[in-house]
Amino acid sequence: MSVSTSVTARRMVAAALAAGALVGSASVSASAADPRFDRSHVAISRVQSDAPGFDDRSARSLNAEWVEITNSGRHGVNLNGWTLKDEDGNRYTFRHYTLAGRATVRIHTGYGRDTSRDLFQDRRNEVWDNRSDTATLRNDRGRFVDSVSWGRHHDRNHGRDDHRGHGRDDHRGHGRDDHRGHGRDDHRGHDGR
């Protein structure tokens, strides 16, 4: 083998290695920027949009309307600045709260004393529409984390097909099989709340 062939072969190997390194670093940075690769262990686990019984805007009634957030990971997640929002723009912002690993917190609509398991939005009116709504969870940077839809939006659950709304056969619905709020005249205002 001549010296020039040896030098050419080494240059080709060096060029191939450099090209591989560039492709590898490009794919790493692309996956880091792509939100699909952000594997959060925090998700909306259940929704109860229609409080059992008569909706009279009492603390008891308002606090029976809730959304549960679960951290399936082993480590706690600081939710400070995260938001939970409905379709009408009602927004709850988490303040000074860390969701422990393998734990669930229930965010109630009404008033109460915050604990590690229960947080309160301190509202005087219902938030979640009984017939159709979407609960959306975003992190402190405004990035989408999870959402659950029910009613007419149930089939448009952000491209997911895990059926986590209110339906009869879901595992993350509001915990009862009675289609609450559907077709009922319950004197809750013009929008069915």
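Residues numbered from 1 in each chain as written. Predicted model: local features only at pLDDT ≥ 70, side-chain atom pairs only at ≥ 80, totals over all residues. Heavy atoms only, no water.

1. Quick notes on the nonpolar core
Ranked by size, the top nonpolar core spans 22 residues in total, and within it Ile44, Ile69, Leu84, Phe94, Ile107 and Leu137 carry the most contacts. For this core, the secondary-structure elements that each account for two or more residues are strand E1 (42-48), strand E2 (66-71), strand E7 (103-108), strand E9 (133-138) and strand E10 (144-150). (Core = buried A, V, L, I, M, F, W, Y, C linked by side-chain atoms within 4.5 Å. Buried < 20%, exposed > 50% of the residue type's maximum accessible area, 1.4 Å probe, protein only. Helix = DSSP H or I, 4+ residues; strand = E, 2+ residues; numbered from the N terminus.)

2. Here's the deal with the environment of Thr136
Topologically, Thr136 is positioned in strand E9. Spatially, the C-alpha atoms of Thr136 and Ser149 are 8.6 Å apart, while their sequence positions differ by 13 residues. Not counting chain neighbours up to four residues away, the residues in contact with Thr136 comprise Ile44, Thr83, Leu84, Lys85, Phe144, Asp146 and Ser147. (Contact = heavy atoms within 4.5 Å.)

3. Quick word on the confidence of the model for the protein
Mean pLDDT over the protein: 74, with 59% of residues reaching 70 or higher. Overall, residues 21-38 carries pLDDT values under 50, and its contacts beyond four positions in sequence, including any with other chains, amount to 1 contact. Here residues 156-193 is a poorly scored stretch, pLDDT under 50, and it has 93 contacts once near neighbours within four places are set aside; other chains count. (pLDDT = per-residue confidence, 0-100.)

4. Re the environment of Val127
When you line up the elements, Val127 lands in the loop between strand E8 (118-120) and E9. Sequence separation between Val127 and Asp88 is 39 residues; the distance between their C-alpha atoms is 8.6 Å.

5. Regarding the pattern of salt bridges
Under the counting rule described, the total for this entry stands at 2 salt bridges. The salt bridge involving Glu126 is made with Arg57; its shortest N-O contact spans 3.4 Å. Residue Glu126 is located in the loop between E8 and E9, and its partner Arg57 is located in the loop between E1 and helix H2 (59-63); the two are separated by 69 residues in the primary sequence. Since its relative accessible area comes to 9%, Glu126 is described here as buried. Where Glu68 meets Arg106, a salt bridge forms, and the shortest distance between an N and an O atom there is 2.6 Å. (Salt bridge = Lys/Arg side-chain N within 4 Å of Asp/Glu carboxyl O.)

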